[in-house]
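Observations on the three-dimensional arrangement
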Amino acid sequence: MPTKFIVVLGSIMSGLGKGVVSSSIMKILDMYDFKVLPIKFDGYLNYDCGTMNPYRHGEVFVLDDKGEVDMDFGTYERFLNRSLTSSSSITGGKLFGEIIEKERKGEYLGEDVQVIPHLTNEIQEKVKDFAVKSNLDFVVIEVGGTVGDIENGYFIEAMRQLSLKEQVVFVDVTYVPRLKTVGEQKTKPTQSAFRTLMGMGIIPQFLICRTDGEMADGVKKKLAMFTSLDESRVINDPDMTSPYQLPQYLIDQNFDKLLLQAFNLPKKKINVEKVEKWRNNVDKIINKYEKIVTVAVVGKYVELKDSYVSVREALMHAAGKLSVNLNIKWVESELLEKSDTESMLKGVDGIIVPGGFGNRGIEGMINAIKYARENDIPYLGLCLGMQLMAVEFARDVCNLKGANSTEFNPNTKYNIIDILPSQLSVKQKGGTMRLGAWSMVIKGKDSIAFSSYHKKVVSERHRHRYEFNNKFRKVLQKNGLKITATTKDNKLVEIIEWQSGFGIATQAHPELKSRIEAPSPLFLSFLNAAKNKS
Ligand code: GLN
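So, the site of the ligand
Surveying the vicinity of the ligand reveals the residues Gly355, Gly356, Phe357, Cys383, Leu384, Gln387, Glu407, Arg463, His464, Arg465, Tyr466 and His509. At 3.0 Å, a backbone N or O of Arg465 approaches an oxygen atom of the ligand. A distance of 2.9 Å separates an oxygen atom of the ligand from a polar atom in the backbone of Tyr466. Out of a free accessible area of 300 Å², the ligand has 98% covered by protein chains. Here the ligand is seated within the second largest pocket. When residues of the shell around the ligand are traced back to their parent elements, those giving at least two are α16 (384-396) and β19 (457-464). Considering only residue class, the shell around the ligand consists of four nonpolar, five polar and three charged.

In C-alpha cells form, the structure reads like this:
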C-alpha cells in the first residue's frame, strides 16, 4: 500500500500536547499492525537542539545515532517502544543549510532560489524519501509551532502541496478554553484558527480539542457546524491523569475507525493483544497505591519541569512496575548551597542528581550526594550526577580537598573529572560531544549494575564532554569506590558505586531509553531500594 501521511498541526497556542497526540495516533496505528514512524518539523534555524538551553526549550533528547533532538522524540519513543533516528527530525537549520550548500555547488544554476518551490520541494522530497526508505504504511508528521507563526509557514505550505499528490489527512490540535467567570467552553478561538488554516489552503479532517473536562454537546455541535466537519470528527482531549491514556481515549471515541475511513481503507481488526498490553501498563502507572515513595531530584533546571521529562517518565515507568505511588520532590540545587541540606532533604527515600552543564548549583548537588551517602539514602547519579558522585567521594572520603571537575574549576589540583581526550581538539560546539548509544562492559557480577541489567554488555545513550580521570581510579578505588562498568577498552569509566548502601551513578543517560513497556533497569533498582527504605 502506498504510504499515507497524517499531518498534525497545532492551533491557538503552544503547549497543547501535539507530541502526545502524534504519539497516540502512532500507537493506535501500531495497534493495527501498521508500520508507522514520525517526522517532526521544527522551524527554528538551529541545526538541531544540541546548543539550546533546556530552560528555554525543555530537555534535549539524544538518539542512538547521536542526534540531539526535540523532547517530543522522547514521547514518540516512549509510546512506540522503539528507537528512532535523526532522519525523523527536519529543522529549519538543516533545510536552509542544505539549500545553501546546493546553491553553492551550482545545483540551481540560472534560477533564483526561493522558499516556494525550492524549499517546499526539498521538504516534500525528504518526507517521501523517508517513507520509501523505511517502507512505511503511515508517516505521522508533527509540525512544530502554532498555525500562523512565520517560522512554520513553509512547512505547512509544503504539506498542502504534498496533499495534492499523496494521501494526506490533516489533524488540528486546538484549544477550547473555559472562561471561569461564565463557566462556559468557548469555540471562537478554534473557529478563527480553522479559518486561518483554510486561508492557507488546508482543511483539517479532525479537530482534537484540548479542554478541561469533556466538551458539552452544544460545544461540539457548534464546532462541527462552523468547521463543516461531522460531529464525530470533533474529538475530546481533556486533561488526564497520564498522557499514556490518550490512545485508549481516542479509540473510545472511534477515532481509530474514522481515521482509517478518512483514508478509504477497508475495515481492519485492531490487535487486541497490543491494546490489552498497553492498557495494563497504563493502568499500573495511574493506579493509586498505598506505598508512597518520595524521590528528590536535585537539579539546576527544576523550575521548568520539561527540562527533566525523561527522568520523570523513567521514574514513573519504574513506579508502575513496582506498584508504588511516586512523589517527586524537585529541589533547586542552588538553594542547597544556601540553606541546610538536611532540612530540605529530610524524609526523602531516594535522591537523583540528573545531567547538567555549567557551574551554577554544582556545590548544592554535591551537598545532596554527601547527604545521601552519609545517611544511607539510595542515590542514582545520571551523567553529571556521576561526575559529582566521584568528586564528592574524592573530597570527603579520600580527603582530596578541593577536588573538582575542570568544567567547574579549571585549576583544581585534583581534577577527578576532566575533559575527554577526544574533546581536546574540538573547537565547534554543535554536535561535538560524546553522543549517542555506546556500549559498556559490566565487570563481574557483584554489583548493583549487574543485578540491575542481568547482563555483561549494555548500551545506553550519552551526551558529555567530561569524564572520570583515570589518574584517580586507584586512589578512589582504594578508598572504597567501585568502578563496575567501563567501555570495552577500559579507557572510560561508565558506572561507579558506593561499597555499602545503594549508591550508583552512570556517565550515561539511562532515562532516555526507559519506556512504559520496558522501564530502565537502573531506575527500577534505584526505586526498589527507595521503596525498601520508605
Ligand atoms: N557537563 C558534563 C559534561 O559535559 C555533564 C553532561 C551531562 O550531564 N549531560 O560532561
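And the narrative resumes.
Topic: the sheet that holds strand β21 (residues 482-486)
Here we have nine strands laid out as an open sheet, ordered β13-β12-β14-β15-β23-β22-β21-β18-β19, and mixed in their pairing. Where the open sheet ends on each side, the last strands, each with one partner, are β13 (325-332) and β19. Across this sheet, the average inter-strand angle for adjacent strands is 25°, counted without regard to direction. Taken together, the three bridges between strand β12 (residues 292-299) and strand β14 (residues 350-353) define a ladder with parallel strand orientation. Looking at β14, one finds that Val297 is bridged to Ile352. Sheet strands touched by α16: β14, β15 (379-382), β19, β22 (493-497) and β23 (503-506). Its angle to β15, the strand with the most contacts, is close to 120°.

Let's talk about unusual backbone geometry
That bond from Ile116 to Pro117 is cis: its omega, 10°, falls within 30 degrees of zero. With respect to the helices and strands, the residue Pro117 is situated in helix α5 (residues 115-133). The residue Asn135 is not glycine, and still its phi comes out positive at about 55°. Residue position: Asn135 is located in the loop between α5 and β6 (138-143). The exposure class of Asn135 is exposed, given its relative accessible area of 56%. One non-glycine residue, Cys383, lies in positive phi territory at about 60°. Relative to the helices and strands, Cys383 is located in the loop between β15 and α16.

What counts, and where the lines are drawn
- Residues numbered from 1 in each chain as written.
- Predicted model: local features only at pLDDT ≥ 70, side-chain atom pairs only at ≥ 80, totals over all residues.
- Heavy atoms only, no water.
- Near = heavy atom within 4 Å.
- Polar contact = N/O pair within 3.5 Å; in protein donor to acceptor, adjacent residues only side chain to side chain.
- Areas by Shrake-Rupley, 256 points an atom, 1.4 Å probe, with all protein chains shown as cover.
- 1 Å grid on protein atoms, 1.4 Å probe; cavity = no way out; pocket = protein on both sides within 12 Å on 5 of 7 lines; lining within 4 Å.
- Sits in = over half its atoms within 2 Å of the grid points.
- Helix = DSSP H or I, 4+ residues; strand = E, 2+ residues; numbered from the N terminus.
- Nonpolar A, V, L, I, M, F, W, Y, C, P; charged D, E, K, R; others polar.
- Pairing = 2+ DSSP bridges.
- Axes fitted to C-alpha atoms, helices over the stretch in contact; angles between N-to-C directions.
- Contact = heavy atoms within 4.5 Å.
- Buried < 20%, exposed > 50% of the residue type's maximum accessible area, 1.4 Å probe, protein only.

None of the figures reported here should be taken as evidence of function without further support.
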